[in-house]
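Here is what each chain is made of, one letter per residue.
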Amino acid sequence: QVQLVESGGGLVQAGGSLRLSCIASGRTTFTTYALGWFRQAPEKEREFVTGISWDSGSTAYADSVKGRFTMSRDNAENTVYLQMNSLKPEDTAVYFCAARPLWVTRTPSGYNYWGQGTQVTVSS
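Analysis parameters
Residues numbered from 1 in each chain as written. Predicted model: local features only at pLDDT ≥ 70, side-chain atom pairs only at ≥ 80, totals over all residues. Heavy atoms only, no water. Helix = DSSP H or I, 4+ residues; strand = E, 2+ residues; numbered from the N terminus. Buried < 20%, exposed > 50% of the residue type's maximum accessible area, 1.4 Å probe, protein only. Polar contact = N/O pair within 3.5 Å; in protein donor to acceptor, adjacent residues only side chain to side chain. Contact = heavy atoms within 4.5 Å. Phe/Tyr/Trp six-rings, centres within 6.5 Å; stacked < 30°, edge-to-face > 60°. Lys NZ or Arg CZ within 6 Å of the ring centre and 35° of its normal. Disulfide = S-S within 2.5 Å.

**Here we look at the side chain of R39**
Part 1 of the reasoning: As for its position among the elements, R39 is in strand β4 (residues 33-40).
Part 2 of the reasoning: Assessed through its relative accessible area of 6%, R39 is described here as buried.
Part 3 of the reasoning: Within the structure, R39 has its side chain in polar contact with the side chain of S64 (distance 3.5 Å).
Part 4 of the reasoning: A polar atom in the side chain of R39 sits 2.9 Å from the side chain of Y95.
Part 5 of the reasoning: Those residues within four positions of R39 in sequence are excluded, and the remaining contacts are E45, R46, E47, V49, S64, V65, F69, E90, D91, A93, V94 and Y95.

**Topic: the packing of aromatic side chains**
Part 1 of the reasoning: Scanning the entire structure with this criterion turns up 7 aromatic pairs.
Part 2 of the reasoning: A centroid spacing of 5.6 Å and a plane angle of 75° characterise the contact between F38 and F48, whose relative ring orientation is edge-to-face. Of this pair, F38 sits in strand β4 while F48 sits in strand β5 (residues 47-52), placing them 10 residues apart in sequence. Across the pair, exposure class does not vary: F38 and F48 are buried alike.
Part 3 of the reasoning: By way of ring pairs, the aromatic residues F38, F48, F96, Y111 and W114 are connected into one cluster.
Part 4 of the reasoning: Geometry around F96 places R46 over its ring, the cationic atom sitting 3.8 Å from the centre.
Part 5 of the reasoning: Over the aromatic face of Y111 sits the side chain of R100, whose NZ or CZ is 5.9 Å from the ring centroid.

**Details of the state of the cysteines**
Part 1 of the reasoning: For the structure on display, the rule yields 1 disulfide.
Part 2 of the reasoning: Between C22 and C97 runs a disulfide, and the two sulfur atoms are separated by 2.1 Å. Between C22 and C97, the S-S torsion sits near -80°, and that sign places the bridge as left-handed. Of this pair, C22 sits in strand β3 (residues 18-25) while C97 sits in strand β9 (residues 93-101), and the two are 75 residues apart along the sequence. Accessibility assignment for this pair places C22 and C97 in one class, buried.

Below, the structure is given as structure tokens:
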């Protein structure tokens, strides 16, 4: 069982930056899990943003965030981060952290554990 708690969301102007964090806890070995970030805007489906494999050997990004967002993990702190730069109004959504064994998938149903989400609002 893995518990995930996101933080760092808020209101920012277009062009600004935010850094999201996701802390994992529970009876698990954090280093055996891939972590993903997803987002969901009102009346839209949950979409993949980025993910990092268990060994940090591979990181995947949605085309819409490439070059602007960076995901990293700190296994010593059981934490993953999402650095978001050059934010746009279309990045406005609830951002969720998710975990699954070993490798990243872009499919939400492929993740076993989810956090409660953190709201990111980008004003124009």
